[in-house]
Structures are given as C-alpha cells and as structure tokens.
Amino acid sequence: MSTVKLTIDGKEVEVPKGTRVIEAAKKVDSDIPFYCYHPGLSIAGNCRMCLVEVEKMPKLQIACHMEARDGMVVRTKTPVVQETRKHILEFLLINHPVDCPVCDQAGECWLQDYYMRYGTHDSRLNENKVKKKKAVPLGPTVMLDQERCILCSRCVRFTDEISKTQELGIINRGDHSEVDVFPGKELNNPYSGNVVDICPVGALTDRDFRFKMRVWYLKTQATLCNGCSRGCNIEMQYGDQRPHHAKGDRVMRLKPRYNEQINQWWMCDEGRYGYKFHDHNRILNPMHRSEGKVEEKSWEQILPEAAKLIESAKGQFGVFVSPQLSNEEIFLIDKLFRKHLQNKQIFLISPTPDGFQDDFLIRADKNPNSKGAEWQNFRYQERTAADFFTACGKGQMQGAIIFGQDLLTLHGAHLAQPALQKLKWSLFIGSNHNLTSEFATHVLPSATYAEKEGTFTNFEGRTQKFNQVLDPLGDARPEWQILATLANGLGLSMKYDRTSEIFKELAEHVPPLKGLNYAKLAAEHDSVRRFAAPMVPSLMQDEGLIFQTTPETHPTQTTPSPA
Amino acid sequence: MEKLISKYFVPGKTFWMEECLQDGGYAAAKSVFEKLDAAGTIEEVKKSNLRGLGGAGFPTGMKWSFVPQNTGKPVYLVVNADEGEPGTFKDRYVIAHCPHLLLEGIIIAAYANNVHKAFIYIRGEYVEPYKILKKAMEEAYAKGFLGSKVFGRDFALELVLHRGAGAYICGEETGLLESLEGKKGFPRLKPPFPAVVGLFGCPTVINNVETLAYLPFIFQRGAEWFAKLGSEKNGGMRLFSVSGHVKKPGVYELPLGIPLREIIYTHAGGIRGDRKLKAVVPGGLSAAIFTADEIDVDMDFDQLRAKQTMAGSAGVMVFDETTDMVEALLVTMRFYAHESCGQCSPCREGTGWVDRILTRIGMGGGLERDVDNLLDICSFMGGTTICALADGAAMPLRSYLQKFRSEFEAYIRDKKRVGGEDLETHGGSAVKRGEGASATL
C-alpha cells in the first residue's frame, strides 16, 4: 500500500494513502476532538470540532474529512485552533439544557469532557434556549431528549448505513432542527441499542440502563458476548459496591468493543440485553432432591455422592454437553467421560433452538462455542436425545448429567420427563433455574461465563478468550472446577489451578489450536486492536475520567480465522 | 448604453418563440453546433471572461474545463434558478421576459460539456416564471431545439424543470443537488466538487440563469467584444437588481466594473425624496454593507472583494438616512437564523443566537457587552462551516456593527425599542421568525 508523509504538530508521520488527518494525528499523540466523526460511519463534517490549521490553506480545515497528503503541514494546538474549539463548544451549549445532574449521560458525556478540556468558558448567554421534546421513547430500547442533542447525525447515519433500517432523520432547520423517528415508525431494529453507544451526549439513552446507576460507579471488563456464535467483543459493565442500586444486580449493561474482524464497533440488541441471567434466577447452592423434598448441601457432601453414583452406573448414564461451555470445559468432559469412563451416551445439546439470523452480526446458532465443541468431536445430531430417552424407557439407563440444558422444555415434558423419571439419578450442573433443574435429583450451581474464564471458538473458527468479570454468585463454581473434582473422585487425576493450564493441554490435542496458549492468543489479538479507534475520546481513558477498570484487565484474545 | 438581455424586459410581455426567432433567437446556438466543437466552445467562453453571475463569480469557461469527460458516467447540467438571495430578482426577469434566451444558453452549455440531460431548479415561489418557462420549453421541444435531435443533428438534450420548495439553502449549489436528488437540502462536504461528483454521483456543471442567458450574445458577437464590455477579467455586463430607497428601483443591465455611485444616482435616479444616503448593500443581503462614503467603488468581483465585501448576486439595496440600522440588521439576521440548514454547529447555533441577542437589543434589553459579543460570535461563525451561509451571515453582521456601532450603542444605552413595539408578541416592523424576512426590506 502506498503511504504519504505529513507533519502534524512538528512531528513527521507516515500513514497509508487515504488516511484522514484525524486518524493520522492519533499516531503522534495529537488527539483532535470530535463529535460527529465516527470511523464506522460516513463523514458528515457537521460538528466542526476537529478544525485544524493546514499550511497553505486560508481557512481552518476539518480533520475528519481532510485526507492526509504528502508534505502536508498540520497544526492542531495553535491559539486559533484552541480558540475555535472553545467557540464551537460554546455554540453547542447555547441550546443545550446543561441538565447534567439529572442526565444519565453525565460522566461519559463528550460535552462535559471536552468542556473541561477545551471550554471552561463562562456563559455569555442571556437569551432563552430553544425548547424541544424531552424523554421521547423512540422504541423499546432508546429514549430521546432533543434538547440535549448536538445534531451530529451519528444515529441517523447508523440507521442509514449500518442497520439500514432508516428510522431516524433530522427534521426542521436551523436551531429548530431535531432528531426524530419518521412518522409511523419506531426505532426497533435488531441493532437499535448501538445508537446509544455512538451518541456522544445525553440525547439518546438506553431505556434498559437509564437511572440504574451513575456511570462513575461502573466497573468494566473486556470480554465476549455469549449470545450467539459470532463472538462479538464486548465490555461488561458492572457495579459490585452499591448493592442498594438496581436491586442488587451486578451486571448493568454490555457495550460493544472494537474488533475489526468480528463486530467492528457494534453489537446486536439480542446480545446487548441478554445479560440478565447473570443476576436473576440463579441457582445458589448445591441441592439434593428426593421424593419432592429439596435439601441444600455443601460441595463437600454432594460431589463425592455424585462421583459415587457415576461410578456405580458403569456407563449406563447420559452426558448432555452444552455448546455454552468453554473449550476447556468440553476438553475435561471429553477426557473424563469419553476417554476415561468410556461412556458412549454423550450428546451435544443446544440449550436454545436456532433463532433469527441476518447477514451482519446475528447468527442463528445462539451458542458461543458450537465450533469449539465440533473441533473436539462433539457434534449435533450424531446421537439425539430421543435415542437416550428411548433407552431410559427401556430401563437401560441409570442416570443423566445435564449441563444446564432445560431438557423438559426442549423435548417436551411428555417425552423427557417420563424418561428422566425412570432414572435413579439426574445431575444438573447449571447456573440458572429451569424446569429441568427443578426436577433433577442433584443440582450443582455453576458459574455463568462472566464468573469464570476460558475460550470460545466462533462459527468462523476464531478462538477468543473471555475473562472473569465477577465472582461466582452464592456457592456457584465454574464447570471446569466441578469437573476436575468429579474426575479426581472417579480415579482420574486432574490438577488445574487455572484454565490456561487446561488450554495448554487442549491445544496439543485439537489440531486447529496447535501451538497456541493464552499468551499467544493475546499477541494475535493485539495485532487486531492496534489501530482500533476508541469508543470514547481517548482523553477520557488517558485521564481515567471514564470507568474504573478492574486491576487486572485482560484483553480478549482473537485468533485469525483458519478458513 | 446598449442593452443585451434587458432589451427584452418589456413590462407585461414575454418574448415567445415566434418573436424570439424573428429577433435572431437560437441563431447563436445553431452556429455553435455548425462551426465549433465542444473544446472550441469552452475556449470561446474562456476568452469572453464570463464570470458566474449567481454570486461566486467563478470564471465560467474554467469551470467547464474542470468537468471530466471520460468517467463513463453522463455529465449533467444543472441550471440554478433558485434565486433566493434577498435583494436579487434578475433571474426572475430573464425567465419571465425572455425564457428562450436561457434555453438557448442551456443548449450551448450542454453542447460544450457534452450534456444530454439538463435540469432547471426553479425557486418554488416563482410560480408565474415557472409557468412561462414550462411553456417556453414546450415550444423549444416542438421546434426540435430540445429533444432527441437538437437542431436536427445527432445530439440529444432532455431538459427537466424542477421546482424547489422554498429553502434559501437550496440555492447553494450542493444543497441544490441534494434537493434535486429528493433529499433534504444539506450542502455537501467538498471535495469532491460537483464538477467531478455532482448530481446522482455524476460530473455536473452548475450555472446560474443569467450566466447562461449571456452565452448567446457571446457567440453572436464574439468573445473579445463581450470581454471588452466589462472590466479586467470581468467580462461583459450583468443585471443589477436595485431596490430600497431609490427613485427608480428595478433591474439595470450595466457593465461589470461600473461605479456604485453611478448605479444609484444615474441609473436608479438617486435617493427617494432626495434624502441623504446612509448605506448600501452592494451584492445581495450576504454582502458587507457600505456606508455613504464608500460608494465610489467599481462593481466587479475582484474590486469588491478587495473592499472586504462581494459583488455577489448584484442585489443593490439602498438605505437612506431614515433607516434604523439596528432594525435592518435584526431583519437581516433573522433571515439567516430562519434559513440556516442546521447542519454545522456554528451556523445552526450562531445564527439563532445572534437573532435572539439582536431581538433583545431591539426590545430595549441590550447589554453593554452585546456588541463585542456579537463581533466575537461573528468571527467564529464565519469560515468554520461546510457552506457559505454562515459567512454570508457574518459579513453583514460584522459590517453593520463596525460601521454603525454608535447606533447599536445608542439602543443599548437608551433602552430604545425597534418601532416601539414588542418584537416577539406583535412582530412590529421586524417580522417574526418563521415569516419571510425580505418582505420588510
């Protein structure tokens, strides 16, 4: 690729031809402020915040639209530029209500942040502000406040160019311009939540998150979405110090995290709002159920008992492997049940049927790790649950180990329930209650994927690491720990302190992962992230103005697609 | 002085096809088709020093030579008949009196630029001119001057007449293109320029009505003859729309470079009631204003630019000594606040803010720091936006404040009210936002 050399604030920088000055400037740490610019959208050039001086050009130029050229000399910090920024901010604030104390965006608002950096002027306004509509629901997920809007048109461009649903437009002219949905439409598309992420101000807020928690109480951790087999990179944002907020829920919201090869800047609403299971309807203690009576047990009591039952079943039990499990956990299942106990009744069962799919991010397969399971020779439909239920009916089975799937709902109470009833025992290992957990004889609470670490392999064959965000709720434990303890009770020694150790072993057995380890996954990932545009202006990250991050922030790792 | 276009400006009369042909109409276009090729036609226009008379004054021949002919895409010609600059009404005269002059110019421009489809974007308020133009187009189609075989030759030219919906910003050439494409009239970021990526993504020539209407004269009487009519690098004549406090307001066709004093006192008959002149807007509302002492200036693009104003659309608005400059500026700035498209922050917010400050001053609530604040706002509103609307607002704002500062200070000091009325509730002599501002000028 041909490159061009230009000088920005006295520093020479070489960038690929076609690079915008605003991007080139990042490389020499001359961050240029902006509102309307978004690297994932077309250039609107309307906020005028990124005006810079370019030698030989009489007027200031917008850095978002200006292509870097050979020999160009750009100055981003001159008094004229600074003074212009200050005035642009003043213009943007003239009709802004400055209602930060009641605005949900406060703390992650670009008006606030740039005002502190470039504005700090006293108000010269002695006039009334233009009145517009407030708290207008645009659809099920997004709330609009037109007075807070700076008309950057990012949301309009998003619905035109990314979701391609065209619900939003700017109506009226001049300072009476306002963003709104077109008549008869509502903002209700599979990606509508993204407009909240890209809205730099408090105009578009998330109806799901609004007023739950001030953003400065949020912590954030990079991880993956487990909502489908795409494996979108996300930030999981949570609060764990203010249980009096949001009824004690920990996970507050999910935000997309840039990954050029997987989800760019976006995520779907299905994934975005599908986080409630981390805090709701959780199984908190190991339980034993017999003749309808439920008894809470400790791990020390229940695991030896479970091991004993498995051992005595002598292969006459089924294992329902879930594609929601990590590669590491599937590896332990393979090691323990298929190789060590020589069990033949192993089924890969998706806990959710296939759903909506589109040609952008959303996949029909709602499991994050079907491909990883396939790489370890667990495939759908090789053996179906129906085969197992028939065998149960014939009295050929003693037990079943179920990894969270709700067999009663999936296979109908008329098929699954009579079959499971014939069994001596059923061991349910899962994070959330469902009909099957209410039925099983032994219930072991497992961690959700946010409460453990591991890897998922997406449908393209990219293996990515997800990180532990939260501590397991109640007495829950990650499945890999449960499996290792069971194995030790079944005569197979498993000594793992961390999933990285399992992965190292797994990589030797699974050809596509050969030679990989967590450290190498990180290196691959860095090469993807290097030129990533920040979701928020980098100044907020520089100065720690946004979100405290947990002390150990592990970036999520991505391998290239082998395909 | 010889009249070219304006000789047809007979009150109440339109020169239809028959009369037009008797007067030698379409002969120039025919001769271009017979004697010249496209490049030769452009060369002639270059030699004539014809400038874009819509307001920007860009040399027409040079504009045409920028159009790429090898993109594999059609080249479009768009005629800007949106004439929205307050104080300007010349294009309306051209269309209403001699529509065939415009059509002949369009045919020449189409030939020069290899255009086979042209569009006229006519101001929505121009209902009568629209009807006239429509009829004239029908006549031209019937004669075979437009259509699949122009002048019987192997050259097709389809002409589309499109009415605007009343937005000032749709007279800005890229706002016009957006509007013509069926979108909201938001001016486009440049580059790319319309010559390269214009209407529907194709190379596009955009010319003003008056510019095109001069083409037949250039090819009838020669480029050198036309160039000599005007001043240096400013070829030919142009139509000055003279309005305001003069004895004979109207459209005057005069050579480029004519002194402003001569326009006012010789051609427009001087100030009404022989009062004293106070100020003159030389080139449409967006031009910086002149005081009475500054009118010894030659009215061409380059000399007016040197005086920090512009020739613009040649809308000359004359204010006599009875004019209240605060009220005049208030009406002016209200226009921009109403017409800002709202795209760029400085213009969207700045024009509205200026309007509200001036309204407050005009209602007796002025503050001492207002004038300096306005000047400061003005410096950052102009030069920071996508199109020139904000510059067009900043220019009069700055010039009124600087040249008539004492009047603003008097208002603030004496808590004077414009017309003694409540501007927001009664409207008074300054119109309310949302109504046409030019009505009171």
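Residues numbered from 1 in each chain as written. Chains lettered and ligands numbered in written order. Predicted model: local features only at pLDDT ≥ 70, side-chain atom pairs only at ≥ 80, totals over all residues.

**Regarding the overall build of chain B**
Summing up its helical and strand segments, chain B has 18 helices and 11 strands in all. Relative to the compact-globule value of 22 Å for 441 residues, chain B shows a C-alpha radius of gyration of 22 Å, a close match. For the C-alpha atoms alone, the extent of chain B along its principal axes is close to 70 × 45 × 35 Å. Buried residues in chain B amount to 59% of all 441 residues. Contacts in chain B between residues far apart in sequence, at least 24 positions, make up 72% of those at least 6 positions apart. (Helix = DSSP H or I, 4+ residues; strand = E, 2+ residues; numbered from the N terminus. Rg over C-alpha atoms; globule rule 2.2 N^0.38 Å. Buried ≥ 20, exposed ≤ 12 C-beta atoms within 10 Å, placed from the backbone. Contact = placed C-beta atoms within 7 Å.)

**Observations regarding the sheet that holds strand β3 (residues 158–163) of chain B**
Residue and element names in this part refer to chain B. Strand order in the open sheet formed by four strands is β3-β2-β1-β4, with parallel pairing between adjacent strands. With one partner strand each, in any of the chains shown, β3 and β4 (204–208) form the two edges of the open sheet. Going across the sheet, the axis of each strand differs from the next one's by a mean of 20 degrees, ignoring polarity. In this structure, strand β1 (residues 75–81) lies alongside strand β2 (residues 115–122), joined through seven bridges in parallel fashion. Opposite L77, over in β2, you have A118 as the bridge partner. Strand contacts of helix α8 (residues 173–180): β1, β2, β3 and β4, with the helix running at about 110 degrees to β1, the strand carrying the most contacts. (Pairing = 2+ DSSP bridges. Axes fitted to C-alpha atoms, helices over the stretch in contact; angles between N-to-C directions.)

**Here we look at the domain arrangement of chain B**
Residue and element names in this part refer to chain B. We note that the domain assignment places domain 1 (6–228), domain 2 (237–320) and domain 3 (325–440) within chain B. Domain 1 and domain 2 are separated by 26 Å when their C-alpha centres are compared. Residue-level contacts link 15 residues of domain 1 with 17 residues of domain 2. Looking at the side of domain 1 that touches domain 2 residue by residue, the classes come out as five nonpolar, six polar and four charged. (Domains from an automatic or database assignment. Nonpolar A, V, L, I, M, F, W, Y, C, P; charged D, E, K, R; others polar.)

**Re the environment of K134 of chain B**
With respect to the secondary-structure elements, K134 of chain B resides in helix α7 (residues 127–143). Remark: the alpha-carbon pair of K134 of chain B and V160 of chain B, spanning 26 residues in sequence, is separated by 9.5 Å.

**With respect to unusual backbone geometry**
Omega for the bond connecting K190 of chain B with P191 of chain B falls within 30 degrees of zero, at -5 degrees, which places this linkage in the cis form. Positionally, P191 of chain B belongs in the loop between α8 and β4. Geometrically, the link from P191 of chain B to P192 of chain B is a cis peptide bond, its omega value of 0 degrees lying close to zero. Not every positive phi belongs to a glycine, and K247 of chain A is a case in point at roughly 55 degrees. Structurally, K247 of chain A is set in the loop between β12 (233–238) and β13 (251–256). Backbone geometry at Q342 of chain A places phi at a positive 55 degrees, although glycine is not the residue there.

**Thoughts on the interface of chain A and chain B**
Between chain A and chain B, the residue contacts involve 27 residues of the former and 26 residues of the latter. No other element matches the six residues that helix α2 (residues 79–94) of chain A contributes to the side of chain A that touches chain B. Grouping the constituent residues of the side of chain A that touches chain B by class yields 12 nonpolar, nine polar and six charged.

**Remarks on the sheet that holds strand β15 (residues 293–296) of chain A**
Residues and elements named next belong to chain A. In space, the seven strands of this open sheet follow the order β15-β14-β20-β19-β18-β16-β17, with mixed pairing throughout. Looking at which strands have only one partner, the edges of the open sheet turn out to be β15 and β17 (346–348). Going across the sheet, the axis of each strand differs from the next one's by a mean of 15 degrees, ignoring polarity. Sheet topology places strand β14 (residues 287–290) next to strand β20 (residues 442–445); two bridges connect them, and they run antiparallel. Counted as the bridge partner of M287 is V443 from β20. On top of the sheet, helix α7 (residues 299–313) reaches β14, β16 (317–321), β18 (399–402), β19 (425–430) and β20; it is set at about 125 degrees to β20, its chief contact.

**Thoughts on the pairing of strand β21 (residues 454–457) of chain A**
All names here are of chain A. Alternating positions in β21 separate into two faces, G454 and F456 on one and T455 and T457 on the other, with burial throughout. Where β21 lies against strand β22 (residues 463–466), four bridges are found, and the strand directions are antiparallel. Across the sheet, the residue bridging to G454 is F466, located in β22. Taking the residues that link successive antiparallel strands as the turn, the β21-β22 hairpin has five residues, and the phi of G461 there is positive, at about 90 degrees.

**Digging into the pairing of β19 of chain A**
Consecutive side chains of a regular strand alternate in pointing toward one face of the sheet and then the other. Residue and element names in this part refer to chain A. The buried fraction of β19 amounts to six of the six residues, a majority that puts the element mostly inside the structure. A two-sided burial pattern is seen for β19, the buried positions comprising W425, L427 and I429 on one face and S426, F428 and G430 on the other. Across four bridges, β18 lies against β19 in parallel orientation. When the bridges of β19 are listed, I402 appears paired with F428. Bridge count between β19 and β20: four bridges; the pairing is parallel.

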